[in-house]
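Understanding the architecture of this molecule
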Amino acid sequence: MRRLVRPLLLTALAAGCGMAFAASADQVPSGRLPAWAVPQSYRIAFKVDPAQTDFSGTTTIKVKLTQASDHVWLDGAELKVSKVTVTDAAGKAHDAKYVEADPRAGVVRVDFGSTLPAGEITLQFDYSAPLNAQLQGLYKVSAKGQPYAMTQMEPISARFAFPGFDEPGFKTPFDISITLPDNQVAVANTQQVSEKPAGKGWKTVTFAQTLPLPTYLVAFAVGPWDITPTAEIPPDAYRSKPLPLRGIAAAGEAHRMSHVISETPSIIRALENYYGFGYPWDKLDVLAAPDFSAGAMENAGLVTFRDWLLLLDKDSPARNVRGSFNVTAHELAHQWTGDTVTLAWWNDIWLNEAFATWMQEKVTEEVHPEYRADLDRVRGAQGAMANDSLVSARRIRQPITGNGDIMTAFDGITYQKGASVIGMFENYVGEQTFQKGMHAYIEAHKFGNANADDLVDAIATAAGKGDGFKHAFKSFLDQSGVPYVQTALEQKNGQTVLTLKQSRYLPLGSHGDSQRTWGIPVCVRYGTADGSKVACEMLDKATGSVALPGASNPTWVMPNANAAGYYRFSLGKGELDALARQVASLGDTEQLAYADAINASFQHGDLDAGQVLAALKPLTASRTSQVATAPLGQLEWIYHHVAKTDAQRARIADWVKAAYLPRLEALGYQRKAGESDDDALLRSTLAGALGLDFKLPEARAELLKQGEAALQKNADGRLNLTAANPDLLGDALGVAVQTQGKVAVDALVAELPQTSDPALRNGILGGLASVEDPALAEQVRDFAISKPVKVGEMASLLRSGRDTQAQRDATWTWFDGHYAQILARTGSFAGGFLPMLAGGGGCSQKEAQRLQSFFGSRMNDAAGISRGLAQTTESIELCAALTARQDPASITR
């Protein structure tokens, strides 16, 4: 699964090792279900009309009992079960009782009425349930006024759609059939094998049996779907048959899927070549969901996406086109790591998500090297480090103590940190060696389950490494935090040596313990008479050193060569000055590592704002857009939190203007024929930053022209949204909203319900999110929880407008008064996100205290609130501590 601000929202005994308490006969499982009842297969039949509020189903599960029992534990949530039948090993049927043992967790008990011996039994459930309103399980959405029903089961929402053993370690074949209105379409994980009349106005569609799957990968959809003609990906060395490929979208939209259909074969071929293992399912459908809680979901054979990632044309924003490829590569990588080989328990979700993120980047580098996935890897890791610097950060392999730990596991630690750690150890053993280990891992566990030990052992065996390597790898999996490598140059016995000292990186104001040790593959680039060299050393103790043979004297060092390591570093003042003089000669990934080192030193309290401005300035000259724009986030924080006077803010604005405005003006504000998408993305980044964040008059004037044109009405009374550059629509409307006020806000609020194009909807939402007037901000927040705004769109309006204390106070007051409505829309999947939605961006002890006070009595309102509260509170406190340390006068010195 891929999160784009991806909201998704069990006591374990040594859960980090994949173990948990087994329930006694009378104990409700709070962790994993007991291992003595194992599903062997499912037959799930549904009757679904998306126009209705409920659906019905019959689920038949063959279960192997390894011990005698008078009951079985399984999962079910909000199901109205009318009848349960248990058939024993002798073929005798008995009525059974369905008991909701823990409705909040979705755990149920089925009582047989008598003790049955060990052996195979069959459970059959007849039930009905509501079509979910929170984008989980089997849920209802609409597009252009027409209703659809579709599924999102990960992580633990299959229990909303059918009763079962809703854990990843239980993989079985599924037989799926759907009875639906005869004028509609049904799709599922596998190819359709039959269609039969089922009474007046109904038909029943049956699908081929799946290969073994966990419940979270079961998927189907019902509605007036529009389906592209079937394309075929030809056979290759790893797959003997053509692979049918289709695009599925809301009525009338499938023609916009030609781009993703054309890109998909190259992704499949790259993945098959890497893994040496053919795509395993009988077909591949990609579905554009009208509303969705995630970015995309890797369901075997039926991959679902937010619609704007798949519905593309010549006018689509460049970021959507690039995002479409990246997310498609991520989800298709899951077909091997996640679907073919599945985690045994949720503490190893990184085996799915980290590997899909890492593999996505490899595929993108192969197929679209111009997208610079190598820089995405570095930026992703640095983003994860911001969260990993919190004492409340998760581990990659976080013990599971409840559903909240499952719901909050889909974060930057799992995805980007996990991918970075994988890449670091791949770099350490070599790409071909790592690939050999991956081949062995996939082959050994195909269509089954695996845990972290299985993966690490496979890589160690391929590399001929022993326990030291395994310990180093696991040191990043089993403890949280960012390693902080402090360095110093020394001369020893006529040789240049870089001394190393490791600890946990903790920002200013943190109360954490810095004494922590990892096994870090440290690689250092250093200056020589004829250029530079790289030296590497495994730092697995608190201190160490790396020799730099042939180093020039004096020399310079980049302590994270190629930015391949997941760690931060510090340099003494002299070494930092020497590195700054060499920045332009470093590779792009190393320049990003330099930018992060400056940021880390600032947050550590070692540099002031003025020193940061000076240190980051050389990066703005880079011809690589990701490097040139790397300082913007840090500058924006200083602009809003450090600068106190008009003169100080003007100094930062002048810095930004000198560095970026000439580049933006050279690009222009309109698309140019034949320009690269990198230019389009840079234009979008600079226009948004200069026009909205730093409010440069030159950029705002150009954006306002486009925003005003977009707000003009066509002859049919609709807004002329296509008058703006598609890449700048949200920013242009944002400046128009800030300039025109209520007239613009009312026009956009009226337009959104009439607009089905997802890119245009995103532009409207972006414009509304830029509102600054307090009364209009209140109007936008009210609009965010109304029906015209989709559940998956709501947060884009609610998390904006937090730059000032007054804005945050207004947001807080509104959230306090509308908490019940927000919870009702999102509670089942976004519990961990709620504290951030309420108090994110805060920067004072008062804000931290009111957040704690509000949620202290609401921890059980939704799974994941506890962790979200801890991390949001800590982030607020760290911001307050860093702000208190600043000397605003340093900006103008």
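The sections below set out a description of the structure shown in this document. (Residues numbered from 1 in each chain as written. Predicted model: local features only at pLDDT ≥ 70, side-chain atom pairs only at ≥ 80, totals over all residues. Heavy atoms only, no water.)

1. Quick word on the pairing of strand β12 (residues 192-197)
Of all six residues making up β12, only zero are buried, and the element is barely covered by its neighbours. Relative to strand β13 (residues 202-207), β12 runs antiparallel, the two sharing five bridges. Bridge assignment links S194 to a residue of β13, and that residue is T206. In sequence, β12 turns back onto β13 through a hairpin of four residues, with G199 there showing a positive phi of about 95 degrees. (Buried < 20%, exposed > 50% of the residue type's maximum accessible area, 1.4 Å probe, protein only. Helix = DSSP H or I, 4+ residues; strand = E, 2+ residues; numbered from the N terminus. Pairing = 2+ DSSP bridges.)

2. Looking at the packing of helix α3 (residues 350-367) against helix α7 (residues 431-445)
Pairs of packed helices are described in terms of their axes, by the angle between the two and the distance that separates them. Packing of α3 against α7 leaves a shortest axis separation of 15 Å and a crossing angle of 135 degrees. On the basis of the axis angle, α3 is oblique to α7. The way α3 lies across α7 gives a crossing that is left-handed. The segment α3 lies against α7, with L351, F355, W358 and K362 engaging E431, F434, M438 and Y441. Among the residues forming the contact of α3 with α7, the class breakdown is six nonpolar, no polar and two charged. (Axes fitted to C-alpha atoms, helices over the stretch in contact; angles between N-to-C directions. Parallel < 35°, antiparallel > 145°, perpendicular 65-115°, else oblique. Left-handed = near helix turned anticlockwise from the far one by under 90°. Contact = heavy atoms within 4.5 Å. Nonpolar A, V, L, I, M, F, W, Y, C, P; charged D, E, K, R; others polar.)

3. Details of the sheet that holds strand β26 (residues 531-539)
Strand order in the open sheet formed by three strands is β26-β25-β28, and the pairing between neighbours is antiparallel. Two strands in the sheet have a free side with no partner beyond their single neighbour: β26 and β28 (557-558). Pairing analysis gives nine bridges linking strand β25 (residues 520-528) to β26, with the strands arranged antiparallel. The residue of β26 that forms the bridge with T528 is G531.

4. Topic: the environment of K283
Residue placement: K283 occurs in the loop between α1 (258-275) and β18 (284-289). Counting along the chain gives 51 residues from K283 to E232, while the straight-line C-alpha distance between them is 9.3 Å. Among residues more than four places away in sequence, those in contact with K283 are A188, N189, T190, Q191, L243, P244, G301 and L302. Side chain to side chain, K283 and D285 meet in a polar contact 2.7 Å long. (Polar contact = N/O pair within 3.5 Å; in protein donor to acceptor, adjacent residues only side chain to side chain.)

5. Digging into the pattern of salt bridges
All told, the structure shown has 51 salt bridges when counted by the stated rule. Across the pair K83 and D95 runs a salt bridge, and its minimum N-O distance is 3.0 Å. Placement of the pair is K83 in strand β4 (residues 80-87) and D95 in strand β5 (residues 93-102), with a sequence separation of 12 residues. Note on K83: relative accessible area 38%, which makes it partly exposed. Salt-bridge contacts for E793 lead to R761; the nearest nitrogen and oxygen are separated by 2.8 Å. (Salt bridge = Lys/Arg side-chain N within 4 Å of Asp/Glu carboxyl O.)

6. A short note on the nonpolar core
Ranked by size, the top nonpolar core spans 289 residues in total, and within it F162 and W350 carry the most contacts. When residues of this core are assigned to their parent elements, the largest contribution, nine residues, is made by helix α15 (residues 646-667). If near-sequence neighbours (up to four positions away) are discounted, W350 is found in contact with F355, I396, R397, T414, I422, A452, L455, F473 and L477. (Core = buried A, V, L, I, M, F, W, Y, C linked by side-chain atoms within 4.5 Å.)

7. Here we look at helix α16 (residues 677-693)
For α16, with 17 residues, the first-to-last C-alpha span of 23 Å sits near the 24 Å given by 1.5 Å per residue. Buried within α16 are the following residues: A680, L681, L682, R683, S684, L686, A687, G688, A689, L690, G691 and L692. The secondary structure elements touched by the buried residues of α16 are α2 (318-333), α13 (625-628), α14 (632-641), α15, α17 (697-711) and α18 (729-740). One or two residues past the end of α16 sits K695, with phi positive at roughly 55 degrees. (Expected span 1.5 Å × (residues − 1).)

8. Structural notes on the pairing of strand β17 (residues 243-249)
Of all seven residues making up β17, six are buried, and the element is well covered by its neighbours. Pairing analysis gives two bridges linking strand β15 (residues 226-227) to β17, with the strands arranged antiparallel. Paired with D226 across the bridge in β17 is A249. Two elements, strand β16 (residues 231-233) and β17, share three bridges in a ladder whose sense is antiparallel. Bridging across to β17, E232 finds its partner in P244. In this sheet, β18 lies alongside β17 in parallel orientation, the contact comprising four bridges. In the sheet register, L245 faces β18, and the bridge partner there is L284. Handedness of the β-α-β unit built from β17, α1 and β18 comes out left-handed. (Right-handed = clockwise from strand over helix to strand, strands pointing away.)

Any functional reading would require information that these geometric values do not contain.
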